[in-house]
Amino acid sequence: MHLQPPGLPGRYVALGDSFTEGVGDPSRVLPNGVRGWADRVAERLAKSAPGWEYANLAIRSKRLRHIAAEQLGPALAMEPTLITLYAGGNDIMDAGTNIIELLSSYERLVAPLSATGARLLLFTGYDVEVSPALRLLRKRNHAYNDGVRAIADRHGAVLVDFWAMDAYRDRRMWAADRLHMSKAGHKYMAAQVLNLLGVRHSLTPKEWDPVPPRTLREWEYAQRRWVHDWVLPLAHRKLRRITLGDHLQPRWPEPVRVPPKGGLRRLAKAAR
């Protein structure tokens, strides 16, 4: 489904977890040290129709129940005209998650957002190839994606089918942790969202040469580095029942008017 471009400025509110916060796309200027696809969408909206306002309530590591409890109320109070929601990915990674119950909770989150009359965009999740051990989660992920598609249809939401985007088969679209999009991945996602909204932009896919094959030694070294740098710290946090988002605040907790020139980095620099 392709929507006509918004002719007037409005208010864009983004809800979710690390995917929407922008993890994997580092920034030395912007809040929480990241940028991400949602910031890029907000900036292009402002260039297309100056006056757009933007709030991003997403925080890394949040489960669906946290998003419903902490982000839904503030989002509704902002009276948005455009909403994006990605939620549930962290729940899928948790042992013991019941997908039927998760989807029921997801729809209870979607319903009041849909009732606002705002344009609502929902996302499926990608089958990230991080390790053969995690292939057991694929069946759960597929069931979740099927549920999101059905919920989007029932509530008249626009579906951003991340799962079907072949561009993400290239490992360079992913950050070093193999779970979050890289800068190139975030730029590509922003372009897909803007395309669905019918907003003109200059974001073009990264053109790379083919990925050179790795030797067995190089592959083994990469695996050891990944386990040491990312897997073991994640397991340690799970044992301690802490997350990287525990002490973070939303990046843009209140609507800000996005400057057509200079974008959000201009606001961040001015606030210093």
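Presented here is a report on the structure given in the accompanying data block. Just so it is clear, the model here is predicted, and its values are computed rather than measured. (Residues numbered from 1 in each chain as written. Predicted model: local features only at pLDDT ≥ 70, side-chain atom pairs only at ≥ 80, totals over all residues. Heavy atoms only, no water.)

### Some words on the sheet that holds strand β1 (residues 11-15)
Formally: Strand pairing is assigned whenever DSSP detects at least two bridges linking the two strands. Under the DSSP-based scheme used, a helix requires at least four consecutive residues in state H or I and a strand at least two consecutive residues in state E, with every element numbered from the N terminus. The axes used here are C-alpha line fits, helices contributing only the stretch in contact, and every angle between their N-to-C directions lies in the interval 0 to 180 degrees. In this analysis, two residues are considered to be in contact whenever any of their non-hydrogen atoms come within 4.5 Å of each other.
Strand order in this open sheet of six strands is β5-β4-β3-β1-β2-β6, and the pairing throughout is mixed. Each of the sheet's edge strands pairs with one partner strand only, and the pair in question is β5 (158-160) and β6 (252-257). Across the sheet, the mean angle separating the axes of adjacent strands is 15 degrees when strand polarity is ignored. Sheet topology note: the β1/strand β2 (residues 53-56) ladder contains four bridges and is parallel. Bridging from a neighbouring strand, Val-13 pairs with Ala-55 of β2. The strands that helix α7 (residues 138-154) touches are β4 (119-123) and β5; relative to β4, the one it contacts most, it runs at about 170 degrees. Along the sheet, helix α10 (residues 263-271) contacts β2 and β6; its crossing angle with β6, the most-contacted strand, is approximately 110 degrees.

### Describing unusual backbone geometry
Where we set the bar: Relative accessibility under 20% of the residue-type maximum defines a buried residue, over 50% an exposed one, and the middle range a partly exposed one, all with a 1.4 Å probe and only protein chains included.
Even without being glycine, Asn-32 reaches a positive phi, approximately 65 degrees. Looking at where Asn-32 falls in the secondary structure, it is placed in the loop between α1 (18-21) and α2 (37-48). Residue classification places Asn-32 among the partly exposed residues on the basis of a relative accessible area of 27%.

### Describing helix α6 (residues 99-115)
Formally: For a helix, the expected span equals 1.5 Å multiplied by the number of residues minus one. When we speak of the arc, we mean the arc of directions from the helix axis to the C-beta atoms.
With 17 residues, α6 extends 24 Å from end C-alpha to end C-alpha; this agrees with the ideal 24 Å at 1.5 Å per step. Buried within α6 we find Ile-99, Leu-102, Leu-103, Tyr-106, Leu-109, Val-110 and Leu-113. All buried residues of α6 fall inside an arc of 125 degrees around its axis, so they share one side. For α6, the exposed residues set more than 90 degrees away from the buried face come down to Ile-100, Glu-101, Arg-108 and Ala-115. A positive phi of about 85 degrees marks Gly-117, the residue just after α6.

### Thoughts on a nonpolar patch on the surface
Threshold: Residues form patches when they are more than 30% accessible in relative terms and have no salt bridge. Like charges link within 9 Å. Nonpolar side chains (Val, Leu, Ile, Met, Phe, Trp, Tyr) link within 5 Å. Residue-level accessible areas treat just the shown protein chains as cover; the underlying method is Shrake-Rupley with a 1.4 Å probe. Whenever Lys or Arg places a side-chain nitrogen within 4 Å of a carboxyl oxygen from Asp or Glu, that contact is recorded as a salt bridge.
Residues Met-93, Leu-179 and Leu-234 make up a contiguous nonpolar surface patch of about 210 Å² in total accessible area. Secondary-structure assignment places Leu-234 in helix α9 (residues 216-240).

### A closer look at a positive patch on the surface
Quick note on the threshold: Only four residue types enter the charge count, namely Lys and Arg as positive and Asp and Glu as negative; His and the chain termini do not. For this purpose, a charge sits on NZ of Lys, CZ of Arg, CG of Asp or CD of Glu.
Together, Lys-47, Lys-183, Lys-187, Lys-206, Arg-265, Lys-269 and Arg-272 make up a positively charged patch on the protein surface. Those elements giving two or more residues to the positive patch turn out to be α8 (183-197) and α10. With respect to the element layout, Arg-265 can be found in helix α10. Exposure remark for Arg-265: the relative accessible area of 36% places this residue in the partly exposed category.

### Here we look at the nonpolar core
Condition: We call a set of buried residues a nonpolar core when its members are Ala, Val, Leu, Ile, Met, Phe, Trp, Tyr or Cys and they connect through side-chain atoms within 4.5 Å of each other.
Membership of the largest hydrophobic core comes to 42 residues, with the highest contact counts inside it found for Tyr-12, Trp-37, Tyr-168 and Met-189. At the level of elements, β1, α2, β4, β5, α8, β6 and α10 are the ones that each hand at least two residues to this core. Broken down by element, this core gets its largest block of residues, nine residues, from α8. Other than its neighbours up to four places away in sequence, Tyr-168 contacts Tyr-126, Phe-162, Met-173, Trp-174, Met-181, Gly-185, Tyr-188 and Met-189.

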